[in-house]
Structures are given as C-alpha cells and as structure tokens.
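# Structure assessment
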Amino acid sequence: MRTFKIGLFGLGVVGSSVVSILRKNQDLIYSRLGAGLEVTHAVTANPAKKREISLEGIKVSSDPADILDNPDIDIVVELIGGITTAADVVLRAMDAGKPVVTANKALLAEKSREIFHKVYEKGLPIGMEASVAGGIPVLRSLKEGLSGENILEITGIVNGTCNYILTRMTEEGAPFAEVLADAQRLGYAEADPSFDVDGVDAAHKLAILVNLAYGTMVPYGDIYYEGIRGITPEDIAYAGALGFTIKLLAIGKLENGRVEARVHPTLVAEDHLLSSVNGVFNAVFLTGDNVDATMSYGRGAGGLPTGSAVVSDIIDIARNLKLGIPAKIPPLSVIRECLAERAVMPIQDISSEYYLRFQVRDQVGVLATITRVMGENGISIQSMLQPSVSEHPDEPVQVIITTHRARESDVQNSLKTLEPMEFMAGGTQLIRIERFQPELKD
Ligand SMILES: NC(=O)c1ccc[n+]([C@@H]2O[C@H](COP(=O)([O-])OP(=O)(O)OC[C@H]3O[C@@H](n4cnc5c(N)ncnc54)[C@H](OP(=O)(O)O)[C@@H]3O)[C@@H](O)[C@H]2O)c1
C-alpha cells in the first residue's frame, strides 16, 4: 500500500487534531483515497512540550529543514499561525516542489500576492479550506460546486466569537464587556480578543472569499472592517423592534469591476436565514446568477472541525499525487492568465440602508432639523422610532432613523453637519442594514 508522508508544522489545537483524525479515520481514509496518510515529521516551537496526543511514530523537532529538505515528505501542512515564519515555510515548501495545506487566513489574506504568485508559478496544489469557516467546506463550494456561477454576493457570519457574543447580548440584553468576559472564561474568546471582536479575523476570511469568487488578489489593507465593541444592548433591542437582528457580517460583491469587501455589524431582517445563525456557529450565504441563494452552516473553529477541513485538503492533494497530475483546480479559481487586478471599493462609495441612533436633547424642531439635513444630502428616511422621552429635560432622548438606500459618503456628510449642532447630546450610532439579492422563488 502506498503511504503519503506528511510533514506537519505545529502541534497546537489544529495540528494535534489533524494527527488524531488521521489516526481515528485511517481505514475510512484508505477506502476513499486508495492510499495511506501518515504524519512522519512535526516541527514545533517547543518540541519537548508535553502533548495530549501520542506522538509515537512522529519525529518532532524545531528545525524546519527536517521537513522542507526531506525528500521523503510528500505534503507539507502549515499550522503554526502568524505570518513571517508561516510565509517562509509555505514558500520554501513550494520551492522544494511540495504541495501545501494551510489554515492560516492571516497569511493568505495579508500575503496573498507572494503566496499565490508562487503557487501559480509552481503549478502545485495548495489546500486552504480550513482558513475560512473552519469545518464548513465553503471554499470548495466556491471553487468546484459553484464553478459555473457568477457569484453575485457573499455574505458570511465567519467569526464565531463575535456571533457568540452578539447572540448572548441579544438573548440576555447584557452589555458587550460582560458577555466578552464570560466568553473568555468559557474559552470562546482569546485573552486578547481584538483580532476577533475588532473584525480583523473576519476581514482576513473575507479577503480569501472574494479572491476566490472574483479570481483576484485584493490588497488586504483596503478592506474596510469594523468590530462589535460599539454595539449596545439598546441597539439590539431597537433593531429587534424594527424587525432586525444584529450580526457581524463579512460582505463581498463585484460592482463595476471593483470588489466591494467590508466587515461590520449589520442589521439583518429577522426572517432571513442568517438571523437564525446563533452562538459560535458560522454560515456563508452565497448567491449565484443561476443557482440563486445557497447557505452553508456549521462550526467555524475548534480543533476537530478545522482539522477535518485540513484532512480533506490532504486527501484531495494525495489524490492528485496518486494520479501524478498537477493541481487540477486553479488556486484562486481562475487560470493564471485570467487573474484580474481588482481594486476594493472605498467604504464611502458603497450604497446601503442605514440604522442611525441619534442622542439628542428634547427640544422643539430637532427632528425637523435632522430630516432636513438628511434630505439636503439626498437621503430619504424609511422609518423613525423614538422609544422613550425622558421626564428629566437634561437626559438625552434617543431617535432611531432607518434610511432608504443611500450612499455612505452622503450619510457621513449629514452626520458631520449634524454633530456640532447644539441639540446633539452624544455620538451617533451608525449600523448598516443589508438587504439580500432576491432569494429563490417557488
Ligand atoms: N484553532 C482554531 O479553531 C482555528 C480555526 C481556523 C483556523 N485556525 C488557524 O490554524 C492555525 C493554527 O492554529 P492553532 O489554534 O492550532 O494554534 P496553536 O494552538 O497556537 O498552535 C500553534 C502551533 O504552532 C507551533 N509554533 C508556533 N510558532 C512556531 C514556529 N515559529 N515554528 C514552529 N512551530 C511554531 C506551536 O508550537 P509549540 O506547541 O511547540 O509551542 C504550536 O504547536 C492558525 O493559522 C490559525 O489561524 C485555527
């Protein structure tokens, strides 16, 4: 029986799960691949560290050359995270003619040009399924199942930590800081949660999704992202009163050749499928020009779900190796000659509906002024909610306005005009509302 040898970088949460899955499902994998898979070498920062899994049969060291310069290694798996060393590992593996599997979204998003130019040049397969939405095979859907589709829209809940926090804030009316502290205690949020709660992680995943959907390598730094720290239980309640839930969405579209790519808290209609994605779960909603709406749902993180995606990539690559063929599917969905240079649309140029929560003093003429300024900027108001009028004249009053579709720059201009006005009693909350392409009609 032929056995493909795997060199594994990283024996952390995902790395050890990969070892476990390959062992546990060894027979099943053989039956599907017609060959064996074995991790023979692992490289980690602290090779002597005690691990929860048995490392029998695996030579562990801290020297990358043990894998990269080893002619016996067929496939390199990078699960160390970070960017500098990981980039070095992936590029050196490719130079050595070894296909790579990685779960590293930061690397794939921030160093897309370096990595993918090398991958195209070498014609080797790269597996990256685990980098977006953990165990949900969404990249494979984009590259294979939807390869005949013009992708009209990608909308994802791709960060389980944010979704967990927003779900609990919605269910319990609890403030962000309190739920975050609890999430950290329960292991759903890191000690330093900024990558997750500030939207960075979701922006990394969105970069990968739009690159695959639109055959490009967008400059990651141009993707607009905003996290959930500013969302209050009051906003969640007002959104609910208007028929919406608040989700951190990663949104990707192609508009006149430019990629619209943005991550921010978003009002989603309560009856939309994405509204019912709760807790740590992820979902990616893809709309194609023929297939219409599709949604994939599942666990977006965790050792086993993420490890499962890594193993599926290893199997896929081993099938190629077995047949002696190079990468069957282009790494970014399109062949090298068809890769497109695409700019990311600045957030000021997008159009959306908006939820605006003004904090104002209870004075005559305030509403008229707000609507006049918005009208002068070409913004038409869809609904208005004034939940409570305080009995104390000094306490600010909340005014919630939703707009019809408007240009972001016009909304920002109205806020700039209104903010210095004497009746304003605090900052204005702006949350975008997402409407979806028409869903499948019966
Ligand atoms: N955890 C998830 O749920 C999840 C989900 C999706 C994607 N990912 C991605 O998967 C990757 C791995 O994540 P993880 O959660 O498994 O991380 P982790 O638990 O922190 O494990 C990282 C591993 O890499 C090793 N390492 C760190 N720096 C190294 C270096 N310079 N050279 C060699 N080894 C090094 C560590 O070695 P020692 O153990 O010896 O210290 C450790 O074994 C990341 O790119 C992450 O973004 C993770």
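Residues numbered from 1 in each chain as written. Predicted model: local features only at pLDDT ≥ 70, side-chain atom pairs only at ≥ 80, totals over all residues. Heavy atoms only, no water.

### Details of the site of the ligand
Near the ligand lie 22 residues; those nearest to it are Leu11, Val14, Asn46, Arg51 and Gly302. Contacts to the ligand include Leu11, whose backbone N or O atom sits 2.8 Å from an oxygen atom. Here an oxygen atom of the ligand sits 2.9 Å away from a polar atom, N or O, in the main chain of Val13. Taken by itself the ligand offers 900 Å² of open surface, and the protein chains cover 74% of this. Of the residues in the shell around the ligand, the class split is 10 nonpolar, nine polar and three charged. (Near = heavy atom within 4 Å. Polar contact = N/O pair within 3.5 Å; in protein donor to acceptor, adjacent residues only side chain to side chain. Areas by Shrake-Rupley, 256 points an atom, 1.4 Å probe, with all protein chains shown as cover. Nonpolar A, V, L, I, M, F, W, Y, C, P; charged D, E, K, R; others polar.)

### Describing the packing of aromatic side chains
For the coordinates displayed, the defined rule picks out three aromatic pairs. Geometrically, the ring pair formed by Phe281 and Tyr297 is stacked, given 5.0 Å between the ring centres and 5° between the ring planes. Remark: Tyr297 occurs in strand β12 (residues 292–299) and Phe281 occurs in strand β11 (residues 281–288); sequence separation between them is 16 residues. Ring centres of Phe285 and Phe436 lie 5.5 Å apart, and the angle between their planes is 75°; on these two criteria the pair is classed as edge-to-face. Placement of the pair is Phe285 in strand β11 and Phe436 in the segment after β17 (429–433), with a sequence separation of 151 residues. (Phe/Tyr/Trp six-rings, centres within 6.5 Å; stacked < 30°, edge-to-face > 60°. Helix = DSSP H or I, 4+ residues; strand = E, 2+ residues; numbered from the N terminus.)

### Notes on the nonpolar core
In this structure, Val76, Ile165, Ile223 and Ile228 are the most contacted members of the largest nonpolar core, which totals 83 residues. With 11 residues, helix α11 (residues 200–214) is the largest single contributor of residues to this core. Look past the residues within four positions of Ile223 in its chain and what remains in contact with it is Ala203, Leu206, Ala207, Val218, Ala261 and Val344. (Core = buried A, V, L, I, M, F, W, Y, C linked by side-chain atoms within 4.5 Å. Buried < 20%, exposed > 50% of the residue type's maximum accessible area, 1.4 Å probe, protein only. Contact = heavy atoms within 4.5 Å.)

### As for the pattern of salt bridges
According to the stated counting rule, one finds 26 salt bridges in the structure shown. The shortest N-O distance in the salt bridge between Asp349 and Arg258 comes to 3.1 Å. Taken together, the positions of Asp349 in the loop between α13 (303–323) and β13 (351–360) and Arg258 in strand β10 (residues 258–269) put the pair 91 residues apart, joining distant regions of the chain. Take Asp349: its relative accessible area is 24%, and that puts it in the partly exposed class. Salt bridges linked by common partners bring Asp95, Lys118, Glu121 and Lys122 together as one network. (Salt bridge = Lys/Arg side-chain N within 4 Å of Asp/Glu carboxyl O.)

### Here's the deal with the domain arrangement of the protein
We note that the domain assignment places domain 1 (3–134 + 303–337), domain 2 (138–299) and domain 3 (349–433) within the protein. With centres defined by C-alpha atoms, the gap from domain 1 to domain 2 works out at 27 Å. Counting residues at the interface gives 26 residues for domain 1 and 21 residues for domain 2. Taken together, the two surfaces of domain 1 and domain 2 that pack against each other cover about 2100 Å², and 62% of this comes from carbon and sulfur. Residue Asp313 is joined to Arg140 by a salt bridge in which the shortest nitrogen-to-oxygen separation is 2.7 Å. Our count for the domain 1 to domain 2 interface comes out at nine residue pairs in polar contact (both at pLDDT 80 or more). Here the side of domain 1 that touches domain 2 gets five residues from one element, more than from any other, and that element is helix α5 (residues 105–110). (Domains from an automatic or database assignment. Buried area = accessible area lost by both parts, 1.4 Å probe.)

### Quick look at the packing of helix α2 (residues 26–33) against α13
Taken N-terminus to C-terminus, the directions of α2 and α13 make an angle of 40°; their axes are 10 Å apart at the nearest point. Judged on the interaxial angle alone, α13 and α2 are oblique. Note that α2 runs across α13; the crossing there is right-handed. When α2 is examined against α13, the residues Ile29, Arg32 and Leu33 are found in contact with a partner set consisting of Val311, Ile315, Ala318, Arg319 and Lys322. (Axes fitted to C-alpha atoms, helices over the stretch in contact; angles between N-to-C directions. Parallel < 35°, antiparallel > 145°, perpendicular 65-115°, else oblique. Left-handed = near helix turned anticlockwise from the far one by under 90°.)

### Quick notes on the packing of helix α4 (residues 84–95) against helix α6 (residues 112–122)
Across the interface, α4 lies against α6 with an axial gap of 10 Å and an inter-helix angle of 10°. If you check the angle between α4 and α6, you find them roughly parallel. Packed against α4, whose contacting residues are Ala87, Val90, Leu91, Met94 and Asp95, the element α6 presents Glu114, Ile115, Lys118, Val119 and Lys122 at the interface.

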